[in-house]
Protein chains: 2
Amino acid sequence: MGSLDIKQESSPLMTNPLDSEEFRRQGYMVIDFLAEYYKNIQKFPVRSQVEPGYLRKRLPESAPYEPESIERILKDVHDDIVPGLTHWQSPNYYAYFPSSGSTAGLLGETLAAGFNVVGFNWISSPASTELESIVMDWLAEMLNLPKSFTFSGDGGGVMMGTTCEAILTTITAARDRILDRIGREHINKLVVYGSDQTHCSFFKSAKIAGILPNNFRQVKTSRVNAFSMRPDALRAAIQADVDAGLVPFFLCTTVGTTSTAAVDPVALLCEVAKDYGMWVHIDAAYAGNACICPEFRHMINGVENADSFSFNTHKWFLTTLDCCCLWVKDPSSLVRCLSTNPEYLKNKATDTQQVVDYKDWQITLSRRFRSLKMWLVLRSYGVDYLRNFLRSHVDMAAYFEQLVRMDGRFEVVVPRSFALVCFRLSASAVIQRLYDSCHRHGHGQKFLEEETLNDVNAELLESVNSAGQIYMTHSLVDGVYMLRFAVGATLTQTHHVTYAWKQVQDHASAVLARRINSICNC
Amino acid sequence: MGSLDIKQESSPLMTNPLDSEEFRRQGYMVIDFLAEYYKNIQKFPVRSQVEPGYLRKRLPESAPYEPESIERILKDVHDDIVPGLTHWQSPNYYAYFPSSGSTAGLLGETLAAGFNVVGFNWISSPASTELESIVMDWLAEMLNLPKSFTFSGDGGGVMMGTTCEAILTTITAARDRILDRIGREHINKLVVYGSDQTHCSFFKSAKIAGILPNNFRQVKTSRVNAFSMRPDALRAAIQADVDAGLVPFFLCTTVGTTSTAAVDPVALLCEVAKDYGMWVHIDAAYAGNACICPEFRHMINGVENADSFSFNTHKWFLTTLDCCCLWVKDPSSLVRCLSTNPEYLKNKATDTQQVVDYKDWQITLSRRFRSLKMWLVLRSYGVDYLRNFLRSHVDMAAYFEQLVRMDGRFEVVVPRSFALVCFRLSASAVIQRLYDSCHRHGHGQKFLEEETLNDVNAELLESVNSAGQIYMTHSLVDGVYMLRFAVGATLTQTHHVTYAWKQVQDHASAVLARRINSICNC
């Protein structure tokens, strides 16, 4: 063995980037920054008011050569980044679906980033894997999922980033299950089913998995059935494909669609799919959260006959983005399809088959320690509070719905589900109002068209959002343009909802006045 | 319009989960917890010593009904979670590839989690999208990537979670580009190419994308060529497939393979692939980081002829997991294949086509504000320091390599690349040593087998890792079992490397002594 008389000094560096005291100093500053952000969040326009390209004008063209101080960086975050944020955590945020943050979720994310472990298999950080399995069992119990979806019942749960990943994972597993039986060469015969309200990521996932786009079936829904999928329509679509020599293999049902929070009749749809040996996934990304409340649990009745179930705790469960929880009855169907076993990952724990290696349950190898934040959320708030948190939002949405119903100019387009209210300036009232006003001036007829009503509502939404006091988004279902009011931001309280409604009313008055003026001046 | 004399009060709740002052109080505690963790990190065994199932024994069976205090939760993190961690941030961590954290990366992650915006399209949070495009251009300049990969050159970059996603995204885009030309029904003719050293996620991604597993080609490499892919072998494989009526469409080259950090000759391989109109991706997950140093940049020469390039800043760039940076020359090839345009996401900014909607560049819809942490890292440390940070690890690896070479019992298995040293107890020395020792006792012959040498090295690795003072992993290439010593943890300094080598030497002496004893006692 030789001497150590060789180069030992590396290039001279400044303070180590993980120096404990410098981390503490900067950490406090970032915590303070965020505490001030939450305190002042209502001062910012909810939807960012910047123009495309705003940031490139403000930032240098290249990364700095020399280090910059945290003080300067935080000043720039305040001056340059915050104006370009749409404030999802604002109490006046009602757009899309919520992304409800919390102290526990945020600090859980910080802890996970601090440990910064890469939990692709058990040995790479046992706590990451084990806590995930435990927390997924806890959540399954809270949802009253059948035991067959839990680890003690030969099923199991896994945390991913998004529903897109959960759906792609299950489609891929289901695809290989059927192709292993009928032969790989028959991929072009495979057919997937959703409704015209199923989230766009379902068909995107099917496309990624190599399913022929001609073989995507969108079962038509209608307002009469509150945009839920009809079992008889599904059966007809499946049978037609079977008759044509195709192979139905995957059904995606939705509990809480994105446009209107419609609920597919899971139990009945599972029965249809079962007749054809298909994999059924339940996408409850949004509404699954509410199902921890006993009074909403019936929305997922029939789940015992599905193959997989997922919901996003990053939506409406105080858990920071991202966290999609997926349960499957038969984890081996994922592992058969998605496992890899390169030499550089081999280890004794895996060989004993006593451990879960989550890399084999999902698309990606590397994975974050998501269960830590979920664990902090569950413990910091507890089951009782979490249920009441969700209920408070449903109550506030019900309150908003009542406000809408009391204003004759508006209508609720579909019955409210959960904490989402879909409404619009109504055809009967507003068109008539415009019509009457204009008729007196001889411009009547054309204002009775649905398209015009949609335009008026789109104008109302843009008027509200541009003002920046609240933020809502829209949808267009069955030809009907509607405003979506989704309660779910953590800071939202009843007085915010009252305020929001006042905003909507005021802008409606202004928009209608403008419309009448422009018509009468034409 | 009716009165507001209706229910306004939601269920009574305790302090709001985003209460500013409570967040500040708990935030300081978590920062303190992590500061202490970094201060004491060397006290923990690097590879967790827990047994499978350890955590379920310690945690309750159900989520708590009532809230628990942060004090109690942090105590449990300390008592129950930390023992189950493998400490990737330990200065004594040399396993897999690094996951180098930093104050800037961690606090950037915290800020992003605090804002908790969901940047699927521009309007959902303009700063998230714009900062990502800017930072990706900054990084492209640091890597001296051709302008054709930047936004000003009609290309562009996007941040994903992992290389798996980057590869799946590009395979899918390339697949649809060729299928649009030859017809969707020909998916079973498509062939993908890598080497037998290409990361396992490449073939997994191809499988997910519906490519026939029979059509995965692993070009054989050998120790003579330091396990890099030979252009003539690639050409032969492609031509054989063309002759058989198949359609080659995707080549994955690697700069810094997982087993040995081998570097494929990108320029030459691109020439071959170009002759067949194939998409070429460069997976530089690990070694791409080093390419911001001019002296390593030649490793990716030829990138100007590739279609896409990716590397992971969460590996070796002080950026917290997860962050994979992907550049493509033709973003429209991603968008054509991956875009969705549901009504509920339509907005004016998208309609003007002046903005990037990153949801159309990737698998998932929801996406975190990853560029914020990357921006903090680049600004907090600066280009000069980042280069020296990487160089210091390369220097330490070179130092370790010298130590190995000076101990006659060991050999360096392949020439060191970057900061990874692949070594083992050598055949010539050790087998001879065992052989000599045993020969005197009449047990000689069988100890000359390569398999025995592999066993001895596996025993050495397990002996080192079980002791918990340092952590390394292994690989097995071309029948040769080797120990991998990957320098890259942020806290590692030269004296840690000296210490690590002493550990290896001591355990080697013990393992060899045990082997000789067991043989002589048999």
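Worth saying up front: this structure is predicted, and the values here are computed from it rather than measured.

### Quick notes on the overall build of chain A
Helices and strands together make up the secondary structure of chain A, namely 16 helices and eleven strands. Taken against the 2.2 N^0.38 rule, which gives 24 Å for 522 residues, the C-alpha radius of gyration of chain A at 26 Å falls within 12% of a compact globule. In terms of its C-alpha atoms, chain A occupies a principal-axis envelope of roughly 105 × 65 × 45 Å. Here chain A has roughly 16,800 Å² of accessible surface; of this, 50% comes from carbon and sulfur atoms. Measuring between centres, the 50 positive side-chain charges of chain A sit 4 Å from its 56 negative side-chain charges.

### Examining the relation of the copies chain B and chain A
For the pair chain B and chain A, the best superposition has an RMSD of 0.0 Å and corresponds to a rotation of 180° with a translation of 0.0 Å parallel to the axis. Classification of the inter-copy transformation places it as that of a two-fold axis. When you check the interface residues of chain B against chain A, 100% turn up at the interface there too, and the contact is symmetric in its surfaces.

### Some points on the pairing of strand E9 (residues 420-425) of chain A
All names here are of chain A. Of all six residues in E9, six are buried; the element is thus mostly enclosed. Where strand E8 (residues 410-412) meets E9, three bridges bridge the pair, whose relative direction is antiparallel. By the bridge assignment, valine 412 is partnered in E9 with phenylalanine 423. By the bridge criterion, four bridges tie E9 to strand E11 (residues 480-486) in an arrangement that is antiparallel. Following the sheet pairing, leucine 420 is matched in E11 by alanine 486.

### Re the interface of chain B and chain A
Counting residues at the interface gives 179 residues for chain B, matched by 179 residues for chain A. When chain B packs against chain A, close to 16,400 Å² is buried across both sides, 65% of that on carbon and sulfur atoms. Where chain B packs against chain A, one counts 14 salt bridges. Counting across the chain B and chain A interface gives 73 residue pairs in polar contact (both at pLDDT 80 or more). Per-element accounting of the side of chain B that touches chain A gives the leading share, 20 residues, to helix H13 (residues 370-406) of chain B.

### Some words on the confidence of the model for chain A
In this model, chain A carries a mean pLDDT of 93, and residues with pLDDT of at least 70 account for 93%. Counted against residues more than four places away or in other chains, residues 1-13 of chain A, with its pLDDT under 50, gives 30 contacts.

### Remarks on helix H13 (residues 370-406) of chain A
Residue and element names in this part refer to chain A. For H13, spanning 37 residues, the distance from its first C-alpha to its last is only 44 Å, which falls clearly below the expected 54 Å at 1.5 Å a residue. If you look at H13, its biggest bend is around 90°, right at glycine 382. Counting buried positions over the 37 residues of H13 gives 31, a clear majority of the element.

### Describing the sheet that holds strand E6 (residues 308-312) of chain B
All names here are of chain B. Spatial strand order, E1-E7-E6-E5-E4-E2-E3: seven strands in an open sheet with mixed pairing. Either end of the sheet is taken by a strand with one partner, and the two such strands are strand E1 (156-160) and strand E3 (216-219). Taking the axes of each pair of neighbouring strands and ignoring which way they run, one obtains an average angle of 20° across the sheet. Contacting strand E4 (247-254) and strand E5 (279-283), helix H9 (residues 266-275) runs over the sheet at an angle of about 175° to E4.

### As for the UniProt feature "modified residue: N6-(pyridoxal phosphate)lysine" (unreviewed entry) in chain A
Listed under "modified residue: N6-(pyridoxal phosphate)lysine" (unreviewed entry) in the UniProt record, and renumbered for this structure, are Lys315 of chain A. As for its position among the elements, lysine 315 of chain A is in helix H10 (residues 313-316).

### A look at the packing of aromatic side chains
On inspection of all chains with the given rule, the structure shows 68 aromatic pairs over all chains. Considering the side-chain rings of phenylalanine 309 of chain A and tryptophan 327 of chain A, the 6.0 Å spacing of their centres and the 40° angle between planes classify their relative orientation as tilted. Highlighted residues: phenylalanine 309 of chain A in strand E6 (residues 308-312) and tryptophan 327 of chain A in strand E7 (residues 324-328), separated in sequence by 18 residues. Residue class for phenylalanine 309 of chain A comes out buried when judged on its relative accessible area of 0%. Measuring from centroid to centroid gives 6.3 Å for phenylalanine 423 of chain B and tryptophan 501 of chain B, while their planes differ by 65°, and the two rings are edge-to-face.

The rules we used
Residues numbered from 1 in each chain as written. Chains lettered and ligands numbered in written order. Predicted model: local features only at pLDDT ≥ 70, side-chain atom pairs only at ≥ 80, totals over all residues. Heavy atoms only, no water. Helix = DSSP H or I, 4+ residues; strand = E, 2+ residues; numbered from the N terminus. Rg over C-alpha atoms; globule rule 2.2 N^0.38 Å. Areas by Shrake-Rupley, 256 points an atom, 1.4 Å probe, with all protein chains shown as cover. Lys, Arg positive; Asp, Glu negative; His and termini not counted. Charge placed at Lys NZ, Arg CZ, Asp CG, Glu CD. Least-squares fit on C-alpha atoms with pLDDT ≥ 70 in both. Contact = heavy atoms within 4.5 Å. Buried < 20%, exposed > 50% of the residue type's maximum accessible area, 1.4 Å probe, protein only. Pairing = 2+ DSSP bridges. Buried area = accessible area lost by both parts, 1.4 Å probe. Salt bridge = Lys/Arg side-chain N within 4 Å of Asp/Glu carboxyl O. Polar contact = N/O pair within 3.5 Å; in protein donor to acceptor, adjacent residues only side chain to side chain. pLDDT = per-residue confidence, 0-100. Expected span 1.5 Å × (residues − 1). Bend = angle between axes of the 7 residues up to and from the residue. Axes fitted to C-alpha atoms, helices over the stretch in contact; angles between N-to-C directions. UniProt positions renumbered as here; feature names shortened; annotations may be inferred. Phe/Tyr/Trp six-rings, centres within 6.5 Å; stacked < 30°, edge-to-face > 60°.

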